Amino acid sequence: MNQEQQDSIQLERLEKAVAMVQTWAPRAQGLEVPEPGSPLAADDLIYPPHPASTMTWFALTSALDHLDLGAQMLQADNVTVLRPHAFYSLTRSALLAASQCAWVLCGTNDERAVRSLLVAEDEAKHHRTFLKSYLDEPFFVADSGAAIAGQMHAHAEHLTARISQLRAHCRARGINTRFESTTMIKDVARHIAPDDPTLRQAILDQWIRGSAAAHARMWRIRFTGGEDTPLQGGGLHRKVTSSVEDITTAYVTPVLVLREAISLWDVLRTRP
């Protein structure tokens, strides 16, 4: 099979993935909630201040948001440059969001309970860090005034109490770990492909490569096609690009995870 035939197969996969995303995209324009008596409605009672349905619906629509933007980019007129860096940051964000939704919704009742608590704690922790980044800056406090700074400080204290409460819930369930994105990705890969180590590794591969692209790490280009030109005095200049297969794999991977997330959402939010 020559390169043209291989690219044709990859483009067909990509077109199918784009079509799926565009079919799902209108759902993000509204709000879907669990039906009374559904498993997801029961999950919401685990920690009502931060319901499982809220965090999973937000993650689902975030993944759709990124993938729909990717679809528009891929279908734009006169697309001639397959971007070797930026596109993978977009698909990595979609993979993270889709995985969060799938991770919280898959597994046993106890697993779902623990995972929703871990995500809620991580949410509160980063929210508090954001507020403190302002409160620790004397110029902001002086410029915004005592009233606004006081409100933000009170909210930060509220988040501290919430974090303590969530950690107590976790300890009561025998859990002393914290949310960790890579662990989540691995769990989701095992759920989606329990008997397919190649697919599991492919999902993790896209997560790690996407992280390198998002954080401007050069090691990624060692696994990317390109041309090397030796430089006088040593070293080389590498001109990198992206192949059709690279783009397809990066886009299709979060679509597969999102498909599973949507399937879990539709089942668990419906009353048996």
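Model, not experiment: these values are computed from the prediction.

> In this structure, what is going on with the packing of aromatic side chains? I would like to understand it.
How two aromatic rings sit relative to each other is set out by the distance from centre to centre and by the angle between their planes. Within the structure shown, the criterion is met by six aromatic pairs. With centroids separated by 5.7 Å and ring planes inclined at 70°, the aromatic side chains of Trp103 and Phe179 adopt a geometry described as edge-to-face. Within this pair, whereas Trp103 is found in helix H4 (residues 86-105), its partner Phe179 is found in the loop between helix H7 (146-172) and helix H8 (181-192), the two being separated by 76 residues in sequence. Grouping residues by exposure puts Trp103 and Phe179 together as buried. The rings of Phe87, Tyr88 and Tyr251 are connected pair by pair, giving a single aromatic cluster. If you follow Arg220 out to its NZ or CZ, it ends over the ring of Tyr88, 3.9 Å from the centre.

> Help me understand H7 in this model?
An α-helix turns once per 3.6 residues; consequently, residues spaced three or four apart project the same way. The terminal C-alpha atoms of H7 lie 39 Å apart, and with 27 residues this matches the ideal 39 Å at 1.5 Å per residue to within 8%. For H7, every residue scored as buried is listed here: Ala149, Met152, Ala156, Leu159, Arg162, Ile163, Leu166 and Cys170. On its buried face, H7 is in contact with helix H5 (109-135) and helix H6 (138-144). Following H7 by one or two positions, Gly174 has its phi on the positive side, about 80°.

> Could you clarify how one ought to interpret the layout of surface pockets in this entry?
Empty space among the atoms becomes visible once a probe the size of a water molecule is rolled across them. For the largest pocket, the calculated volume is near 350 Å³. Every residue lining the largest pocket is counted, 15 residues in all, and those nearest its centre are Phe58, Leu96, Gln100, Asp122 and Glu123. The biggest single contributor to the lining of the largest pocket is H5, with five residues. Across the lining of the largest pocket, the residue classes tally to six nonpolar, seven polar and two charged.

> Can you help me understand the pairing of strand E1 (residues 226-230) in this one?
Regular strands place side chains that alternate from one sheet face to the opposite one. By the bridge criterion, five bridges tie E1 to strand E2 (residues 236-240) in an arrangement that is antiparallel. For Pro230, the partnering residue across the bridge sits in E2 and is Leu236. The hairpin formed by E1 and E2 contains five residues between the paired strands, and Gly233 there has a positive phi angle of roughly 95°.

Rules and cut-offs
Residues numbered from 1 in each chain as written. Predicted model: local features only at pLDDT ≥ 70, side-chain atom pairs only at ≥ 80, totals over all residues. Heavy atoms only, no water. Phe/Tyr/Trp six-rings, centres within 6.5 Å; stacked < 30°, edge-to-face > 60°. Helix = DSSP H or I, 4+ residues; strand = E, 2+ residues; numbered from the N terminus. Buried < 20%, exposed > 50% of the residue type's maximum accessible area, 1.4 Å probe, protein only. Lys NZ or Arg CZ within 6 Å of the ring centre and 35° of its normal. Expected span 1.5 Å × (residues − 1). Contact = heavy atoms within 4.5 Å. 1 Å grid on protein atoms, 1.4 Å probe; cavity = no way out; pocket = protein on both sides within 12 Å on 5 of 7 lines; lining within 4 Å. Points joined across faces, edges and corners; volume = space filled by probe spheres on them. Nonpolar A, V, L, I, M, F, W, Y, C, P; charged D, E, K, R; others polar. Pairing = 2+ DSSP bridges.

No statement about biological role is implied by the geometric values presented.
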